[in-house]
Amino acid sequence: MASSLLPSKFSFSFSNNIRKAPSVRLASPILALPESLKGRLYEKPLFGNLTISQYPRRFFGRRFAGTSVGEKEDSYASDEVPTVGEDSAAFDFRDQKILSWIYFTGILGAVLFALDVLWIEPSTGYGSAFVDAVAGLSERKEVVMFVLFLIFATVHSGLASLRDSGEKLIGERAYRVVFAGISLPLVFSTIVYFINHRYDGTQLWQVQSVPGLHQLVWLLSFISFFFLYPSTFNLLEVAAVDKPKMHLWETGIMRITRHPQMVGQVIWCLAHTLWIGNSVAVAASIGLIGHHLFGVWNGDRRLAFRYGKAFELVKSRTSVIPFAAILDGRQTLPKDYYKEFIRLPYLTITAMTLGIYLAHPLMQAGSFGLHW
């Protein structure tokens, strides 16, 4: 157990670029610490000119910044490596505001309504005209599929690369609205076209009758969503209810891979391409995987620009390839590592993933109705 003289939580900020950490709660008054220790604790440089007070959620000999559901933060492990990044998937009901989630529900409803009127509905939207224009480039469905992914990837990554400049110009929330307003219709059209034409093109292999393959594809798809989800850890930021931030995550799935969305997308693509086995599925997978591989380089570049040496430290003890940093000793998992996953966001994504699987017939029926 930690000494009663030490604070049970420390809260630090990182140049105002991440969400403010929870208020300090102490096991005993900070005044009980010797003056010499207080000076070293808060002001000793970690590297360069940066001190401990400049790092987000830094701690000594323990984790905090989020617990398992119903779990108290009273464990101490002196051999744990202190983090400089944020604790991923942390969710505390005490920090939630009902009004924020009411705003989120209202914004989500408004966005879906606008998407339907301005893009999906054939009589009023531009989605059909866009898909028809791309489809007119070639009679081959795999070519159209790849071009749709190329358009989305170029726009999505381009807007992400311009995020710093855009946010300075119009603000974080306004830029998130622009980003989502352009990206969402493009990705929706691409997904619908894939659903409608996934069994078109040239059949390259046919293994759906292989015993156990359906179960394997289902399992891989299920696992992929646990890697895909971390890109949207904070749904309130996605809807711009909370001010959007560029986060430096370090715990949970990030210990396995620094780019979980890329890994999840690769797993999903391999599973579905194996099951479908035709040229359209291959074209879709090439587009998706290529987009996310570019995102690995672009994401690291943007985080390095935003966080500097803090990101370099996180990068040095994480890996792009899953488990590589763990296997070569750069990443040491806490003894209670599993608790970083027993959290409400991961329980929610489990329920949503099962729901999406069960809703496949509804998704297919809705896509077919658009005739894209």
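The residue count restarts for each chain, going from 1 along the sequence in the order it is written. With pLDDT at 70 or above as the cut-off, local features in this predicted model cover only qualifying residues; side-chain atom pairs require 80 or more to be listed or tallied, and sums for whole chains, interfaces and linings still use all residues. Only hydrogens and water are removed before side-chain values are computed, so all heavy atoms of the structure are retained for them.

(A) Seen up close, the overall build of the protein. Only DSSP runs of H or I covering at least 4 residues are called helices, and only runs of E covering at least 2 are called strands; the numbering of each starts at the N terminus. Within the protein, the regular secondary structure consists of 14 helices and 2 strands. By definition in these notes, contact holds between two residues if any of their heavy atoms fall within 4.5 Å. Partitioning the contacts of the protein with sequence separation of at least 6, the portion at a separation of at least 24 is 73%. Counting only carbon and sulfur atoms, one obtains 67% of the accessible surface of the protein, whose full area is about 19600 Å². To measure how exposed things are, a 1.4 Å probe is used in the Shrake-Rupley method; for residues, cover is taken only from the protein chains shown.

(B) Representation of a nonpolar patch on the surface within the structure. For patches, a residue must show more than 30% relative accessible area and have no salt bridge; joins then use 9 Å for like charges and 5 Å for nonpolar side chains, namely Val, Leu, Ile, Met, Phe, Trp and Tyr. Basic side-chain nitrogens of Lys or Arg form a salt bridge, by our definition, when they fall within 4 Å of a carboxyl oxygen of Asp or Glu. A contiguous nonpolar patch, built from Ile98, Leu99, Ile102, Tyr103, Ile107, Val111 and Leu184 and spanning about 650 Å² of accessible area, is present on the exposed surface. Residue contributions to the nonpolar patch peak at 6 residues, all from helix H2 (residues 98-120). Note on placement: Leu99 falls in helix H2. Summary of the burial criterion: residues with accessible area below 20% of their type's maximum are buried, those above 50% are exposed, and those between are partly exposed, where the area comes from a 1.4 Å probe applied to protein chains only. A relative accessible area of 48% places Leu99 in the partly exposed class.

(C) Expanded view of helix H4 (residues 141-161). Under the convention used throughout, the expected extent of a helix is 1.5 Å for every residue step, that is, one less than its residue count. Here H4 spans 30 Å end to end across 21 residues, near enough to the 30 Å set by a 1.5 Å rise per residue. All of the buried residues in H4 are Glu142, Val144, Met145, Val147, Leu148, Phe149, Phe152, Ala153, Ser157, Leu159 and Ala160. Where the residues of H4 are buried, they touch helix H3 (127-135), helix H5 (163-170), helix H6 (172-197) and helix H10 (279-307).

(D) Inspection of H3 at higher detail. Within the span of H3, buried status applies to Gly127, Ser128, Phe130, Val131 and Val134. Buried residues of H3, seen end-on, are gathered within an arc of 165° and therefore sit on one face of the element. Structural note: H3 exposes Ala129 and Ala133 on the side pointing more than 90 degrees away from its buried face. Among the structural elements, H2, H4 and H6 are those in contact with the buried residues of H3. Within this analysis, the arc is defined by the directions that extend from the helix axis to the C-beta atoms.

(E) How the structure looks around the packing of helix H7 (residues 213-228) against helix H13 (residues 344-358). Between N-to-C directions, angles cover 0 to 180 degrees, with each direction set by a line fitted to C-alpha atoms, over the stretch in contact for helices. As a packed pair, H7 and H13 sit with axes 9 Å apart at the nearest point and diverge in direction by 140°. The angle between the axes of H7 and H13 places the two elements in the oblique class. Here the hand of the crossing between H7 and H13 comes out right-handed. Taking contact as the criterion, the partners of His214, Trp218, Phe222, Phe225 and Phe226 in H7 are, on H13, Tyr346, Ile349, Thr350, Thr353, Leu354, Ile356 and Tyr357. Class assignment of the residues belonging to the contact of H7 with H13 gives a composition of 9 nonpolar, 3 polar and no charged. Should an angle fall under 35 degrees it is taken as roughly parallel, and over 145 as roughly antiparallel, whereas 65 to 115 is taken as roughly perpendicular and any remaining angle as oblique. By the definition used in this description, the sense in which the near helix is turned from the far one sets the handedness, with an anticlockwise turn below a right angle giving left-handed and a clockwise turn giving right-handed. Polar here means any residue other than Ala, Val, Leu, Ile, Met, Phe, Trp, Tyr, Cys and Pro, which are nonpolar, and Asp, Glu, Lys and Arg, which are charged; Gly is therefore polar.

(F) Focus on the nonpolar core. The set of buried Ala, Val, Leu, Ile, Met, Phe, Trp, Tyr and Cys residues whose side-chain atoms join them within 4.5 Å is what this entry labels a nonpolar core. Judged by nonpolar contacts, the single largest core of 29 residues is most densely connected at Phe130, Val134, Met145, Leu148, Tyr193, Phe194 and Trp372. Mapped onto this core, the elements with two or more residues apiece are H2, H3, H4, H6, H7, helix H9 (260-276) and H10. Ranked by residue count, the leading element in this core is H4, at 6 residues. Excluding residues within four positions of it along the chain, Met145 makes contact with Thr190, Tyr193, Phe194, Val280 and Ala284.

(G) Broad picture of the environment of Ile276. Structurally, Ile276 is set in helix H9. Exposure remark for Ile276: the relative accessible area of 4% places this residue in the buried category. Linking Ile276 and Gln203, residues 73 residues apart in sequence, is a C-alpha distance of 8.4 Å. Setting aside residues no more than four positions away along its own chain, Ile276 makes contact with Phe194, Arg198, Tyr199, Gln203, Trp205, Gln208 and Ala281.

(H) Focus on the environment of Ile321. Position of Ile321 relative to the elements: it lies in the loop between helix H11 (309-316) and helix H12 (324-327). On the basis of relative accessibility, which here comes to 59%, the residue Ile321 falls in the exposed class. In the structure, Ile321 is positioned 59 residues away from Met262 in sequence and 9.9 Å away in space, judged by C-alpha atoms.

(I) Just the pattern of salt bridges, in detail. Evaluated as defined, the whole model comprises 11 salt bridges. In this structure, Asp164 and Arg306 form a salt bridge, with 2.4 Å as the shortest nitrogen-oxygen distance. With a gap of 142 residues between them, Asp164 in helix H5 and Arg306 in helix H10 connect regions that are remote in the sequence. Take Asp164 and Arg306: they sit in the same class, and that class is buried. Where Arg258 meets Asp300, a salt bridge forms, and the shortest distance between an N and an O atom there is 3.0 Å. One end of the pair, Arg258, is in the loop between helix H8 (235-238) and H9; the other, Asp300, is in helix H10, and 42 residues separate them in sequence. Put simply, Arg163, Asp164, Glu167 and Arg306 are held in one network by salt bridges that share partners.

(J) Layout of the side chain of Asp87. For Asp87, the position within the fold is in the loop between strand S2 (50-51) and H2. Here the side chain of Asp87 touches Thr251 through a polar contact of 2.4 Å, side chain to side chain. Counted as a polar contact is a pair of N or O atoms within 3.5 Å, where, for protein atoms, one must be capable of donating a hydrogen and the other of accepting one, and residues adjacent in sequence contribute only when both atoms are in side chains. At 3.1 Å, the side chain of Asp87 forms a polar contact with the side chain of Arg343.

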